[in-house]
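Residue-level structural notes
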Amino acid sequence: MLKKFSFRKKLFVYFFSVFLVFTLIIIVFQFSREKKYRVNQLDNTLKSYTQITHNFISYNSLDNKNYFRPIDSLTKILPQPDIRITVVNSHGVVLYDNSVDDCSLMENHFYRPEVQESLYKDFGTSIRKSATTGEEYYYYSRYFGEYFIRVAVVYNIEVKNFLRAEHIYLLFIAVIFLLIWIVLDFITRKFAESITKLKDFVIKVRRDEDFDTNEEFPNDELGVIGGEIIQIYDHLIRTKDSLALEKGKLFNHLYVLNEGVAFFSKAKTKILTNNHFIQYLNIISNKLSVSAEDFFTIPEFDPISEFIDNSIKQKSFDLFDGLPSKEISIHKSGKYFKIQCIIFNDKSFEIIITNITKLQKNKIIKQQMTSNISHELKTPITSIKGYLETIINDPEMPENQKRRFIERADAQANRLTDLINDIVILNKMEETGDYFAFSELNINELIHDILDDYQGMLSEKDMKLELMVEDEIVVKGNRSLILSIFRNLLENSINYAGLNCIIKVQVYRDDKKFYYFSLSDNGVGIPDDHLSRIFERFYRLGSDRSRKLGGTGLGLAIVKNAVLLHKGDISVKNKDEGGIEFLFSLPKAN
């Protein structure tokens, strides 16, 4: 039945049903609350009567005299007419009842409901017909330790009306109910208007019919939603019209990619390709002019061509495993290429050619470095192990010889630590160079800090250091790396220049961005055929001599990488008068 109603009527029925249930709950609750209030009011009145009676009995010591007839005078001054007062001892024997002349004829009242209830509660009540008078009473009983005082009023129409809840609030509820009815009718009417217009709009959009984009909806929340839907619809139309333009932009993007990209149909005819694809085909095929379709005739691509032929012959693909794809690598003309092919659901496919020469060469360099590191680590570890095994296998070894072996093992361990630290510094500069913290550094102060560590070595070799750097020379750099630059260059001159040499550090010029430093000595120098390789990792002029002096072969590699990380440059040359000179630049602080 409800399904045949309009949306507005359905909405009205739903809202009205909820309000009706709520109203009935309020009515029942209020009626119960009002009646309870009336009963409490009557109980309080009767309670005061019992208390007055008890006070009267106590004041006149009627319980001691066992004479309660004076209570008759009390009933005459109580405001409640026809009040019935009964005094019952703790055994249920009636001691006094103003409605009976001879109380001894009355039944035992101990098991009367109101008396029993007042034994374990503050008071007891009941509505019942009296066995003595035959009238119906509202009884109220209280227990005062030695006796019960029971007060009763005739349960007539007057008392019934007093206990009955007033019904005036029902009129108030009815008025409110009528007002809510009117409000619900107005709200559902406005709400249904918005819904109807919104429904018409959705139907026209679904049917791809023209719709007035200026359609006005009611000024409410649904009206706002309707207006937003119209804007979305208009936006979709404009988006649809711009798809062709975006498609053109995508094609243009393909032409600026570093990868060579080509799309082919199932019949292997070109759909789209970019310039890099043709360029890489030329390099791999060693031909000056090829077309995209020539891809399938070049022998180097035979594995991809075979994969495409087999995929096209398949009836369908298992999409659970993703689209079919294949990848191969080609090394041709000193370059490395990665070839990828993806087959789509309609058997068209995409071929991507990526120049990975730089990545491959970096991989080779890392492999070589790993091999060098393994070799460099092997020597100190073998030495340490040899010394320790000798000590372990010869318990009777003299203490002086044992100490000499332990000192040599310690020296090799220090060399191993230096080597690992240098490797960590190099890797950190390569992988996280952008995260080094830069600050303003005074070069004079840095060099003096370094000299404190090398003063003993300079004195031992009768060497002098001439520092010709002004106090105001301040660079912008990472403190740890700048220290490594000067420390490694100074240590290089101290270790290899020879005895009685002079080391000079100076700023030979500057410009707006850089200070240009020179660190030189007048020692033995470096053979010219080795100059081009001294910044290579693990490169040594004389490996045995270098190891004896504790070198790791990474010091100058760290220097070069640290200078380059600061956007500077470094070079080395032999001086005409003898010795070697390092020239490098570091950025100014301002």
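None of the values given here were measured: they were computed from a predicted structure.

About the thresholds
- Residues numbered from 1 in each chain as written.
- Predicted model: local features only at pLDDT ≥ 70, side-chain atom pairs only at ≥ 80, totals over all residues.
- Heavy atoms only, no water.
- Phe/Tyr/Trp six-rings, centres within 6.5 Å; stacked < 30°, edge-to-face > 60°.
- Lys NZ or Arg CZ within 6 Å of the ring centre and 35° of its normal.
- Buried < 20%, exposed > 50% of the residue type's maximum accessible area, 1.4 Å probe, protein only.
- Helix = DSSP H or I, 4+ residues; strand = E, 2+ residues; numbered from the N terminus.
- Arc of directions from axis to C-beta.
- Contact = heavy atoms within 4.5 Å.
- Patch = residues over 30% accessible without salt bridge, like charges linked within 9 Å, V, L, I, M, F, W, Y side chains within 5 Å.
- Areas by Shrake-Rupley, 256 points an atom, 1.4 Å probe, with all protein chains shown as cover.
- Salt bridge = Lys/Arg side-chain N within 4 Å of Asp/Glu carboxyl O.
- Pairing = 2+ DSSP bridges.
- Axes fitted to C-alpha atoms, helices over the stretch in contact; angles between N-to-C directions.

Observations concerning the packing of aromatic side chains
- For the structure shown, the criterion picks out 18 aromatic pairs.
- Summarising the aromatic geometry, the rings of F514 and Y516 are spaced 6.5 Å apart at their centres and angled 50 degrees between planes, so their arrangement reads as tilted.
- Three or more aromatic residues link up through ring pairs in this structure, and these residues are F264, F277, F295, F296, F301 and F349.
- One residue, R128, lies across the ring of Y139, its end atom 4.2 Å from the ring centre.

A few points about helix α4 (residues 113-120)
- What α4 keeps buried is the set E114, V115, E117 and S118. For α4, the arc enclosing every buried residue in end-on projection is 165 degrees, short of the 170-degree limit, so these residues lie on one face.
- For α4, the secondary structure elements touched by its buried residues are β3 (124-129), β4 (136-143) and β5 (147-154).

Things to note about a nonpolar patch on the surface
- Taken together, the side chains of L171, F172, V175, I176, L178, L179, W181 and I182 make up a nonpolar region of the molecular surface, amounting to roughly 790 Å² of accessible area.
- The residue F172 is located in helix α6 (residues 168-206) in this model.

A word on the side chain of S520
- Tracing the sequence through the fold places S520 in strand β15 (residues 514-521).
- The exposure class of S520 is buried, given its relative accessible area of 4%.
- Residue contacts for S520: discarding those within four places in its chain leaves I502, I503, K504, K575, I580 and E581.

Side note on unusual backbone geometry
- With a phi close to 55 degrees, N66 is a non-glycine residue in the positive phi region.
- The topology assignment puts N66 in the loop between α2 (62-65) and α3 (71-77).
- Of note in the backbone geometry, D462 takes a positive phi value of approximately 50 degrees without being a glycine.
- For D462, the location among the structural elements is in the loop between α12 (443-460) and β12 (464-468).

Comments concerning the pattern of salt bridges
- Counting across every chain of the model gives 13 salt bridges.
- Ionic contacts of the salt-bridge type, sharing partners, join the residues E114, R128 and R150 into one network.

Description of the sheet that holds strand β16 (residues 570-574)
- One open sheet holds the five strands; their spatial order is β12-β14-β15-β17-β16, and the pairing between them is mixed. Of all the strands in the sheet, the pair left with one neighbour each is β12 and β16. Averaged over all adjacent pairs, the angle separating strand axes in this sheet is 20 degrees, with direction ignored.
- Judged from the five bridges that link them, β12 and strand β14 (residues 502-510) form a sheet pairing that is parallel. By the bridge assignment, K464 is partnered in β14 with I502.
- Each of β12, β14 and β15 touches α12; the most contacted strand, β12, lies at about 175 degrees to it.

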